[in-house]
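Reading the structure
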Amino acid sequence: MIEIETIEAFERHLRAGAHLSNVVIQGLDLRRYTRELASAELVGTVFLGCELEKEALQVALEHGALVFPPLTGLPYHPYRGTLYTPDELYAGFDLARPESYADTLDARVYAHWATHGRGNPPTLLETLAQRLHDHAVTDAMEDLLNAEGGTRKVVAIMGGHSMKRGQPDYRAVATLARELSRQGFFMVSGGGPGAMEATHVGAWFARRTEAELDSGLAILAKAPSYTDREWLARAFEVRRAFPLRDEDRPWCDSLGIPTWHYGHEPPNPFATHIAKYFANSVREDGLLTIAKGGIVYAPGSAGTIQEIFQDACQNHYNSVGVISPMIFLGTEFWTRTRPVYPLLAQLAQGQEYARHLLLTDSQEEVVRALVEYARARAG
């Protein structure tokens, strides 16, 4: 079925003279298109959360169209047709007044989620709205990844949310992501602070010099932790100082996948596309599944270790149809501080993914392994 998710696409469809039967129209205000809808063939048409005037609604129902009504009273759009952007989530944020974050869409949705049962909404309607929203986000994310023939080489970097700006580990993640972006990889992360932010900072600076990256990192280091009052303001200061240019996009675009489940950690604004979920379980499994080009594990704690074994389970049973690299950056950390790698290597014995495990301190070795894997897949 054809999916129409923007007014522009809807108007192009009408101008082309195409019928609307068996077309899914998602989240659009169609009240000024009553005449066109009243004269259209709407057999099998699906309206997801669209605004319709009474006459158009009556025609749609008479033709057997399926109409899911809009859900009102929510700070978020359950039937949204696109991913979020930092500009949308942070509209209204003022660098000079960090407290203005409370007025942003991101903060308002989190406040709504927190006062409506958090992970256990008190009403079926709220539960339905959240599930519809998350499904719409997944659909939009698939559209992004399938654009241009689905040729994006998706690589994720996982690591701790408490990794501080200014630390060597933070810079290591940023420089690694920068080089991977330059090599044509599409970087994804959990979209939050720490190692996740460093991933997108690296992608943001893929077309910038080493000196420019160092300058940006120095600004960020003035507010090292996401708990610092100036954390978000310093990020936007860097964005203003080093804006993305149109010609940068093929290298610098990246995808963050955060969750309002951890809404006290604002999403970092360096990811150019943001797939923000309510359900953390859907978010985590989806993030691991789309990273078919491989996953790099920077130092982290319980959350990162959980992701390691979720990823290992996918590889162990080949449950997503691709066995991809699992690369551990930091020999000392992953063998002694958090001795996960020896257990994983033992678990992988006799399995195909054993040859895709790598433990290293070398960024060059990480890049080489991912490039070779991408070539093998393409080839």
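Higher on the page you've got the structure.
Calculation rules
Residues numbered from 1 in each chain as written. Predicted model: local features only at pLDDT ≥ 70, side-chain atom pairs only at ≥ 80, totals over all residues. Heavy atoms only, no water. Pairing = 2+ DSSP bridges. Helix = DSSP H or I, 4+ residues; strand = E, 2+ residues; numbered from the N terminus. Axes fitted to C-alpha atoms, helices over the stretch in contact; angles between N-to-C directions. Parallel < 35°, antiparallel > 145°, perpendicular 65-115°, else oblique. Contact = heavy atoms within 4.5 Å. Phe/Tyr/Trp six-rings, centres within 6.5 Å; stacked < 30°, edge-to-face > 60°. Buried < 20%, exposed > 50% of the residue type's maximum accessible area, 1.4 Å probe, protein only. Left-handed = near helix turned anticlockwise from the far one by under 90°. Nonpolar A, V, L, I, M, F, W, Y, C, P; charged D, E, K, R; others polar. Salt bridge = Lys/Arg side-chain N within 4 Å of Asp/Glu carboxyl O. Core = buried A, V, L, I, M, F, W, Y, C linked by side-chain atoms within 4.5 Å.

1. Looking at the sheet that holds strand β7 (residues 254-256)
Taken in spatial order, the seven strands line up as β8-β7-β6-β5-β9-β10-β11 in an open sheet, and their pairing is parallel. Two strands close off the open sheet at either side, each with one partner strand: β8 (273-274) and β11 (357-360). One ladder, built from four bridges, connects strand β5 (residues 153-158) with strand β6 (residues 185-189); its direction is parallel. If you follow Val155 over to β6, its bridge partner there is Met187.

2. Describing the packing of helix α13 (residues 302-316) against helix α15 (residues 340-347)
Packed helices, taken two at a time, are described by the angle their axes make and the gap between the axes. Taken N-terminus to C-terminus, the directions of α13 and α15 make an angle of 10 degrees; their axes are 12 Å apart at the nearest point. It follows from the interaxial angle that α13 and α15 lie roughly parallel. On α15, the residues that touch Ile305, Ile308, Phe309, Ala312 and His316 of α13 are Val340, Leu343, Leu344 and Leu347.

3. Examining the packing of aromatic side chains
Applying the stated rule across the entire model yields 14 aromatic pairs. Measuring from ring centre to ring centre gives 5.3 Å for Tyr297 and Phe328, while their planes differ by 25 degrees; the resulting arrangement is stacked. Of the two residues, Tyr297 is situated in strand β9 (residues 295-297) and Phe328 in strand β10 (residues 326-329); the sequence distance between them amounts to 31 residues. One exposure class covers both Tyr297 and Phe328, and it is buried. When the ring of Phe328 is compared with that of Trp334, the centres are 5.6 Å apart and the planes differ by 80 degrees; the resulting orientation is edge-to-face. Under the relative-accessibility criterion, Phe328 is labelled buried at 0%. Look at Trp334 and you get buried, because its relative accessible area is 0%. Cluster of aromatic residues (ring-pair linked, three or more members): Tyr297, Phe328, Phe333, Trp334 and Tyr341.

4. Brief notes about the packing of helix α12 (residues 280-290) against α13
It is the contact of α12 with α13, at a shortest axis distance of 10 Å, that shows an interaxial angle of 55 degrees. By the criterion of interaxial angle, the relationship of α12 to α13 is oblique. Judged by the twist between their axes, the crossing of α12 over α13 is right-handed. Along its contact with α12, which presents Glu284, Asp285, Leu288 and Thr289, the element α13 presents Gln306, Glu307, Gln310, Asp311 and Gln314. Looking at the contact of α12 with α13 residue by residue, the classes come out as one nonpolar, four polar and four charged.

5. Re the pattern of salt bridges
Oppositely charged side chains are able to pair whenever their charged atoms sit close together. Scanning all chains against the criterion turns up 22 salt bridges. In this structure, Arg208 engages Glu212 in a salt bridge whose closest nitrogen and oxygen atoms are separated by 3.3 Å. Under the relative-accessibility criterion, Arg208 is labelled buried at 11%. The partly exposed category is assigned to Glu212, whose relative accessible area is 23%. Linking Arg234 and Glu237 is a salt bridge whose minimum nitrogen-to-oxygen distance equals 2.6 Å. Here Arg234 pairs with Glu237, and both are found in helix α10 (residues 231-241), just three residues apart, close to one helical turn. Looking at Arg234, the relative accessible area reads 14%, which means it is buried. Here the salt bridges do not stand alone but share partners, grouping Asp94, Arg97, Glu99, Arg229, Glu230, Arg234 and Glu237 into one network.

6. A few points about the nonpolar core
Judged by nonpolar contacts, the single largest core of 46 residues is most densely connected at Met141, Leu255 and Tyr297. The leading source of residues in this core is helix α6 (residues 124-146), at six residues. Those residues in contact with Met141 that lie beyond four places of it in its chain are Leu83, Leu255, Ile257, Ala275, Tyr277 and Ile290. Core analysis: the second largest hydrophobic core is formed by 38 residues, Ile157, Tyr170, Val173 and Ala235 among them.

7. Focus: unusual backbone geometry
Positive phi values are uncommon outside glycine, yet Asn22 reaches one of about 60 degrees. Within the fold, Asn22 resides in the loop between α1 (7-15) and β2 (23-26). Positive phi, close to 50 degrees, is recorded for Asn318, a residue that is not glycine. Examined against the element boundaries, Asn318 turns out to sit in the loop between α13 and β10.

8. Notes on the environment of Ala56
Topologically, Ala56 is positioned in helix α3 (residues 54-62). Its relative accessible area of 2% is what places Ala56 among the buried residues. For the pair formed by Ala56 and Glu36, sequence separation is 20 residues and the distance between their alpha carbons is 8.8 Å. Aside from chain neighbours lying at most four places away, what touches Ala56 is Thr34 and Leu37.

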